[in-house]
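# Structural overview
Here is how the chains run, residue by residue.
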Amino acid sequence: MNKWRLAFLVFALIYAVLVSLDLSTAPIQWDEVVHLNDGALLLRGEYEHINYFYPPLFDAVTMFFFKVLGVSVLSGRLVSITFSLLSLWVVFELVYRMYDAKTALTASILLGLFPGYFWLSRVAMIEIMLVFFFTASMLFFFSWLRKPQNKTLILSGLALGLGCLTKYQMLIAAAVMIATMLLLARDRLKLRLSRFTLLIIIAIAVVTPWIIISYNTYASGMLNNWTYALEIGNPAKSVYSERYPLPIFYFIEMTWPYSGIHPISLLIFIVSLLGLGLFAWRRKQEDKFLLTWFITVFVFFTAIPNKHWRYVLPLFPVLAISAAGVISFFYEKTEKIWGGAVSVNKKHAVKVAAVLFTAFIAAGVVLSVKDTYDIVNEYQIEIDIEGATRYACEDLNQNESIMILCPFNFFNQDMVRFYLCADGTRTNKVCQYPELPVDSYTPNFNLTEFIDLCKQNNVKYVFTYEYGGVVPYYNTTLNLQQIFMQLYDSGNFTHITDEATFGSNPRRIFILNFIG
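Below or above, wherever it landed, is the structure these notes cover. (Residues numbered from 1 in each chain as written. Predicted model: local features only at pLDDT ≥ 70, side-chain atom pairs only at ≥ 80, totals over all residues. Heavy atoms only, no water.)

## Let's talk about the overall build of the protein
In plain terms, the rule: A run of DSSP states H or I qualifies as a helix once it reaches four residues; a run of E qualifies as a strand once it reaches two. Both are numbered from the N-terminal end. Only protein chains enter the accessibility calculation, which uses a 1.4 Å probe; a residue is then buried when its area is under 20% of its type maximum, exposed when over 50%, and partly exposed in between. In what follows, residue pairs with any heavy atoms lying within 4.5 Å of each other are defined as contacts. Computed with a 1.4 Å probe, the accessible areas rest on the Shrake-Rupley method; for each residue, only the protein chains presented here act as cover. In this charge count, Lys and Arg are treated as positive and Asp and Glu as negative; neither His nor the chain ends contribute. By convention, charge coordinates are those of NZ in Lys, CZ in Arg, CG in Asp, or CD in Glu.
Across its full length, the protein holds 20 helices and 5 strands. For the protein, the spread of C-alpha atoms along the three principal axes comes to 90 × 55 × 45 Å. Considering the protein as a whole, with its 516 residues, one finds that 52% of them fall into the buried category. Relative to all contacts within the protein whose residues are 6 or more apart in sequence, the contacts with residues 24 or more apart total 75%. In the form shown here, the protein has an accessible surface area of approximately 22900 Å², with 62% of it arising from carbon and sulfur atoms. In the protein, 39 side chains carry a positive charge and 37 a negative one; their mean positions are 19 Å apart.

Here it is in structure tokens:
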């Protein structure tokens, strides 16, 4: 422990408090609820019902948090916060070993200030855990390159295997390692490659049990789902992934994917790109390693059809390090020139440059804080699914079910099921119509089909979401108001009542009784 690690601990404590504020207020998202439900299913021992599309590690850790803290949205999201703090620590240690303590602290702070990283640390998704294992594997691998020891090689293999049990895209880390050896260890390549097999064997040993279990349980759909993970997922994603030319897609996507959202603030992103340029010019061993990391991941995710800024989160540590690197480089050079035997005019020019650069960095930090607030605030809305579910539970027999009408990112059957079955005492069926989210797929609402489904599933309550009332669903003119007119005209559903309305305009949930 020294003053720099103490400074990091102070920053980590402040970060932990800030990232935890109002953690359970934001609504559950479509990608979140899968892990929340799987964690609850694992806790109850219902292994046959978990979703085998995702690797199991995040869900297993979520189960542990549920066991200790109780089943809740807050407990599930604390998993991401835990691994967010661990990732910041690993980045600190990596940069400490590569460069110096000052650059290490700066890199950790900048990563924590990246709006996209901060926001993902507040939701129960797998990306932050992936960043931890990806960065940890890079830390141990680079340590092994510098000083070949079996201990660091084994630890890197374990991190690689555990990362694959978090998200399959972790495999790209192995490609980064191989590319690094080809670039930095050409004089001893055969020896390094022969020892590198130990790392791969350990990673395979970690992953193999899961592959066997998932194949035996879900053989018919496993390969299809793995392919789906790499290909275009749905029409909305297809359009989303083709917005910009391929070579520059992620340069735009990482800083300005859509209006009001900046995963990395623009000014800090510019500094990060300058840092990458510095690495390419300076070409230290550490610089080459980080450039190889960046280029390999960037090219891989640019090549696959399915694109989103969350997918390239393993690049965020590199960009934070490159920004910290160029900041440290600038001030070191400034200090060296200022202390040398130079003319007064040159000292004055250096002073002006230092002031301007400092102002630019300060403006970047302020903008990053603002963008972080904006991205958190964008999703900090209230959709009272929990209150609506409690209301339904008061008068719901075990053989009766709930129907979700027009599901979307913040409102689907799995979210209701999470609140319904959180205590493990209820097993009521929850259905949804249409099956696919109406904010990503064009809905085809058929009243006769919907009524038949309600009868077949013995539906008592129909949950509907206001969705702005007259706001049309994806790629259609259909909206909730038009659907309500059809429901009322059919005579099979009750009308909206204040008693069965939850939340506030324009994000209310209306519960209708099915009386057909």
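## Some thoughts on the sheet that holds strand β2 (residues 430–433)
Under the convention used in this document: A pair of strands is treated as paired once DSSP finds two or more bridges between them.
Taking strand neighbours across the sheet as the criterion, the 5 strands line up as β2-β1-β3-β5-β4 in an open arrangement whose pairing is mixed. Each end of this open sheet is capped by a strand with a single partner; those strands are β2 and β4 (501–502). Pairing between strand β3 (residues 459–465) and strand β5 (residues 509–513): 5 bridges, direction antiparallel. Counterpart to F463 in the pairing with β5 is I511.

## What about the packing of helix α19 (residues 447–456) against helix α20 (residues 480–490)?
We count it as follows: For helices, the axis comes from a line fit to the C-alpha atoms of the stretch in contact; other axes are also lines fit to C-alpha atoms, and the angle between any two N-to-C directions lies between 0 and 180 degrees. Crossings are sorted by hand: turned counterclockwise from the far helix by less than a right angle, the near helix makes the crossing left-handed, and turned clockwise it makes it right-handed. Classification used: nonpolar for Ala, Val, Leu, Ile, Met, Phe, Trp, Tyr, Cys and Pro, charged for Asp, Glu, Lys and Arg, polar for all others including Gly.
At a minimum axis distance of 11 Å, the contact between α19 and α20 shows a crossing angle of 65°. The element α19 and its partner α20 pack so that their crossing is right-handed. Between α19, through L447, F450 and I451, and α20, the contact on the second element is made entirely by Q486, L487 and S490. Of the residues assigned to the contact of α19 with α20, the class counts are 4 nonpolar, 2 polar and no charged.

## A word on the packing of aromatic side chains
Two aromatic rings, taken as a pair, are described by how far apart their centres are and by the angle between their planes. For clarity, the threshold we go by: A pair of Phe, Tyr and Trp rings is counted when the ring centres sit within 6.5 Å of each other, with Trp represented by its six-membered ring. The angle between the planes then sorts it: under 30 degrees is stacked, over 60 is edge-to-face, the rest tilted. Distance and angle both matter: a charge sits over a ring if NZ of Lys or CZ of Arg is within 6 Å of the ring centre and within 35 degrees of the ring normal.
Applying the stated criterion across every chain, the model contains 48 aromatic pairs. Ring centres of Y391 and Y461 lie 6.1 Å apart, and the angle between their planes is 55°; on these two criteria the pair is classed as tilted. You can see Y391 sitting in helix α17 (residues 385–393) and its partner Y461 sitting in strand β3, a full 70 residues away along the chain. Y461 gets classed as buried once you look at its relative accessible area, which sits at 4%. Connected via pairs of aromatic rings, a cluster forms that spans F114, W119, W309, F316, Y379, F408, F410, F411, Y465, Y467 and Y473. The residue whose ring lies beneath R192 is W144, and the NZ or CZ to ring-centre distance is 5.1 Å.

## As for the pattern of salt bridges
Note the threshold: A carboxyl oxygen of Asp or Glu within 4 Å of a side-chain nitrogen of Lys or Arg is what we treat as a salt bridge.
Evaluation of the coordinates by the stated rule reveals 17 salt bridges. Its salt-bridge partner being K167, residue E127 comes within 3.2 Å of it at the nearest N-O pair. One end of the pair, E127, is in helix α7 (residues 127–146); the other, K167, is in the loop between α8 (150–164) and α9 (172–184), and 40 residues separate them in sequence. E127 sits in the buried class, given a relative accessible area of 3%.

## Brief notes about the nonpolar core
The condition is simple: Only buried Ala, Val, Leu, Ile, Met, Phe, Trp, Tyr and Cys residues count toward a nonpolar core, and they belong to the same one when joined by side-chain atoms within 4.5 Å.
Counting 168 residues, the largest nonpolar core has M254, W293, F450, V462, F463 and L487 as its most contacted members. Tallying contributions element by element places α7 first for this core, with 14 residues.

## Thoughts on the side chain of S75
Counted only if it meets this: The term polar contact refers here to a pair of N or O atoms within 3.5 Å; inside protein, the definition further demands a hydrogen-donor-capable atom paired with an acceptor-capable atom, and it admits residues adjacent in sequence only when both atoms are side-chain atoms.
Relative to the helices and strands, S75 is located in helix α4 (residues 73–98). Under the relative-accessibility criterion, S75 is labelled buried at 3%. Here the side chain of S75 touches S72 through a polar contact of 2.9 Å, side chain to side chain. Among all residues touching S75, those that are not within four sequence positions of it are F65, F66, L69 and G70.

## Some remarks on the packing of helix α14 (residues 285–303) against helix α15 (residues 316–339)
The following threshold applies: Under this scheme an angle from 65 to 115 degrees is roughly perpendicular, one under 35 degrees roughly parallel, and one over 145 degrees roughly antiparallel; angles in between are oblique.
For the pair α14 and α15, interaxial distance at closest approach is 10 Å and the crossing angle is 140°. The orientation of α14 relative to α15 falls into the category oblique. Classified by chirality, the crossing of α15 by α14 is left-handed. Packed against α14, whose contacting residues are L290, W293 and F294, the element α15 presents P317, V318, L319 and I321 at the interface. Considering only residue class, the contact of α14 with α15 consists of 7 nonpolar, no polar and no charged.

## Concerning the pairing of strand β1 (residues 401–405)
Quick reminder of the rule: Note on handedness: a clockwise path from strand one over the helix to strand two, with the strands aimed away from the viewer, defines a right-handed crossover.
Among the 5 residues of β1, 5 are classified as buried, and the element is accordingly described as predominantly covered. Of the two faces of β1, both are covered, the one formed by S401, M403 and L405 as well as the one formed by I402 and I404. Two strands pair when backbone bridges link them, and β1 and β3 are joined in this way by 5 bridges, in the parallel orientation. Within β3, the position partnered with I404 by the bridge is F463. Where β1 lies against β2, 4 bridges are found, and the strand directions are parallel. Residue pairing in the sheet places I404 in a bridge with Q432 of β2. In this fold, the crossover linking β1 to β2 by way of helix α18 (residues 413–420) has right-handed handedness.

So yeah, pure geometry; function would need other evidence.
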